[in-house]
Amino acid sequence: MLSPKRTKFRKQHKGRIHGPAKAGTSLNFGAYGLKAMEPERLNAREIEAARRAITRHMKRAGRVWIRIFPDVPVSKKPAEVRMGSGKGAPEFWVAKVKPGRILFEIDGVDLPTAKEAMRLGQAKLSIATKFIARSN
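Residues numbered from 1 in each chain as written. Predicted model: local features only at pLDDT ≥ 70, side-chain atom pairs only at ≥ 80, totals over all residues. Heavy atoms only, no water.

**Regarding the side chain of asparagine 43**
- Position of asparagine 43 relative to the elements: it lies in strand E2 (residues 40-43).
- A distance of 3.1 Å separates a polar side-chain atom of asparagine 43 from the backbone nitrogen of arginine 45.
- Sequence-distant contacts of asparagine 43, defined by excluding residues within four places in its chain, comprise Phe92, Trp93 and Val94. (Helix = DSSP H or I, 4+ residues; strand = E, 2+ residues; numbered from the N terminus. Polar contact = N/O pair within 3.5 Å; in protein donor to acceptor, adjacent residues only side chain to side chain. Contact = heavy atoms within 4.5 Å.)

Below, the structure is given as C-alpha cells:
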C-alpha cells in the first residue's frame with residue numbers, strides 16, 4: 001500500500017475539502033482516465049484495490065498511472081477509551097481528492113477494455129467518478 005517514507009509532522013488536522021481541483025485535471029500520460037466528481041478522502045487501501053482491479057482486467061497489458069498519493073495521516077483513538085488525553089495514534093493514510101481530479105490513467109489498451117477496467121476500478125472507490133478519454 002502507498003504511504004510516505006517520512007513526513008515532517010506525525011499528525012495533521014482534518015481540514016475541509018472545498019472547491020474544484022486546481023491541478024491534475026487533464027490527461028497527461030495515458031489515453032483514458034478516471035476523474036473524481038465529488039470531494040472526498042480516499043484511503044490507501046481503496047487506491048490499491050482500484051489499481052489491482054484495473055491492472056487485473058487489462059491482463060497486465062498497457063500501462064497504469066496513479067495520479068494521487070495518500071500523504072495525509074488519519075489518527076484514531078482505540079475503542080472504548082474515555083474522552084481527552086490527547087489525539088490518537090496515526091492509523092492510516094488518505095489522499096484528499098477534489099472534484100475534477102484525475103485519479104488513474106491508462107494507455108496501451110483498446111477502448112472497450114479501458115472502459116471495463118475503469119468500471120471495475122470505480123467499484124472499489126467510495127466516490128462518484130467519470131471515465132474520460134483523450135480528445136484528439
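**With respect to the pattern of salt bridges**
- A full pass over the atoms with the stated rule returns 4 salt bridges.
- Between arginine 51 and glutamate 48 there is a salt bridge; the shortest N-O distance is 2.7 Å. Pair noted here: arginine 51 and glutamate 48 are both in helix H1 (residues 44-57), with a separation of 3 residues, about one helical turn.
- The partner of arginine 67 in a salt bridge is glutamate 105, and the shortest N-O contact between them spans 2.2 Å. In this pair, arginine 67 is assigned in the loop between strand E3 (63-66) and strand E4 (72-76) and glutamate 105 in strand E6 (residues 102-107), connecting sequence segments 38 residues apart. Glutamate 105 carries the same exposure label as arginine 67, and that label is buried. (Salt bridge = Lys/Arg side-chain N within 4 Å of Asp/Glu carboxyl O. Buried < 20%, exposed > 50% of the residue type's maximum accessible area, 1.4 Å probe, protein only.)

**As for the sheet that holds strand E5 (residues 89-97)**
- One open sheet holds the 3 strands; their spatial order is E2-E5-E4, and the pairing between them is antiparallel. Strands with a single pairing partner mark the edges of an open sheet, and in this sheet they are E2 and E4. Across this sheet, the average inter-strand angle for adjacent strands is 50°, counted without regard to direction.
- With 5 bridges joining them, E4 and E5 adopt antiparallel strand pairing. Bridge pairing in E5 places serine 75 opposite proline 90.
- Sheet strands touched by H1: E2 and E5. Its angle to E2, the strand with the most contacts, is close to 70°. (Pairing = 2+ DSSP bridges. Axes fitted to C-alpha atoms, helices over the stretch in contact; angles between N-to-C directions.)

**Thoughts on the pairing of strand E1 (residues 32-36)**
- Along E1, 4 of the 5 residues are buried, which leaves the element largely enclosed by surrounding structure.
- Where E1 meets E6, 4 bridges bridge the pair, whose relative direction is antiparallel. For lysine 35, the partnering residue across the bridge sits in E6 and is isoleucine 102.
- Pairing analysis gives 5 bridges linking E1 to strand E7 (residues 129-133), with the strands arranged antiparallel. Pairing of glycine 33 across the sheet is with isoleucine 132, part of E7.

**A word on the packing of aromatic side chains**
- One pass over the structure, following the stated rule, counts 2 aromatic pairs.
- Relative to tryptophan 65, the ring of phenylalanine 29 has its centre 5.7 Å away and its plane inclined at 15°; by these criteria the two rings are stacked. Of this pair, phenylalanine 29 sits in the segment before E1 while tryptophan 65 sits in strand E3; the two residues are 36 residues apart in sequence, bridging distant segments of the chain.
- Classification of phenylalanine 29 by relative accessible area gives partly exposed; the value is 43%.
- Looking at tryptophan 65, the relative accessible area reads 16%, which means it is buried.
- With 5.7 Å between their ring centres and 20° between their planes, tyrosine 32 and phenylalanine 131 make a pair best called stacked. With a gap of 99 residues between them, tyrosine 32 in strand E1 and phenylalanine 131 in strand E7 connect regions that are remote in the sequence.
- Take tyrosine 32: its relative accessible area is 14%, and that puts it in the buried class. (Phe/Tyr/Trp six-rings, centres within 6.5 Å; stacked < 30°, edge-to-face > 60°.)

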